[in-house]
Amino acid sequence: MSYGKNTLPDFLAIAPIALFDNTTEGISLGEIDNLVKHGASETWEISSKNDKLLTIKCKYPSSKVSLFLLKSNDNSLILASYTENEQRIVLETWKTNTNNTLEKIDLVPRVYAKDFF
C-alpha cells in the first residue's frame, strides 16, 4: 500500500534504529541507509518487497522484521512493524512526527490488571 510518495521504503528511510530494538542483532543508521539504497547491508537484506509488505531478514540467524502500512481514521499512514526473533514476536506501530522521522505510538491504550479490581 502506498499513498503518493509514502511507500514502505520511504518509511524505512526515516526509521530510527529503535525499529530494530526487538531483533537479536540490532542495526545501525548506516545499515538502514544501505538497505534503502542497495537492498542489503552488512548484516541485513530485504528478502521480500511489494506494495503491501517489506520483509527484512538478518543474514545470520535469526531475526526478521516485516513492515506494512495501516490507514488511520484521519487518513494518515501508520507503519506497523512485526518483529520475530528466536525468543519472541513483537508488533509495534509507528507514525511520522513533525521532524519527519518515525516515532513509536500505541494504538491501543495500555490496560493494567489493577484497573479491573
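Below you will find a few notes about this structure. (Residues numbered from 1 in each chain as written. Predicted model: local features only at pLDDT ≥ 70, side-chain atom pairs only at ≥ 80, totals over all residues. Heavy atoms only, no water.)

### Here we look at the nonpolar core
Among soluble globular proteins, nonpolar side chains are generally buried collectively. Membership of the largest hydrophobic core comes to 20 residues, with the highest contact counts inside it found for Leu12, Leu19, Phe20, Ile56, Leu67 and Leu79. Counting only elements with at least two residues in this core, the list comes to helix 1 (8-13), helix 2 (29-38), strand 2 (54-58), strand 3 (64-71) and strand 4 (77-84). Sequence-distant contacts of Leu19, defined by excluding residues within four places in its chain, comprise Leu12, Leu67, Leu79, Ser81, Thr83 and Trp94. (Core = buried A, V, L, I, M, F, W, Y, C linked by side-chain atoms within 4.5 Å. Buried < 20%, exposed > 50% of the residue type's maximum accessible area, 1.4 Å probe, protein only. Helix = DSSP H or I, 4+ residues; strand = E, 2+ residues; numbered from the N terminus. Contact = heavy atoms within 4.5 Å.)

### Here's the deal with the pattern of salt bridges
Per the counting criterion, the structure on display carries four salt bridges. Salt-bridge contacts for Glu84 lead to Lys64; the nearest nitrogen and oxygen are separated by 3.6 Å. Taken together, the residues span a long stretch of sequence, with Glu84 in strand 4 and Lys64 in strand 3 at a distance of 20 residues. Residue classification places Lys64 among the partly exposed residues on the basis of a relative accessible area of 28%. In this structure, the salt-bridge partner of Lys104 is Glu92, at a minimum N-O distance of 3.0 Å. With Lys104 in strand 6 (residues 102-105) and Glu92 in strand 5 (residues 89-96), this residue pair connects regions lying 12 residues apart in the sequence. (Salt bridge = Lys/Arg side-chain N within 4 Å of Asp/Glu carboxyl O.)

### Structural notes on the sheet that holds strand 4
In spatial order, the strands read 1-2-3-4-5-6; together these six strands make up an open sheet with antiparallel pairing. Each of the sheet's edge strands pairs with one partner strand only, and the pair in question is strand 1 (44-49) and strand 6. This sheet shows a mean twist of 30° between the axes of neighbouring strands, independent of strand direction. Sheet analysis places strand 3 next to strand 4, joined by eight bridges and oriented antiparallel. Looking at the pairing, Ser66 lines up with Tyr82 of strand 4. (Pairing = 2+ DSSP bridges. Axes fitted to C-alpha atoms, helices over the stretch in contact; angles between N-to-C directions.)

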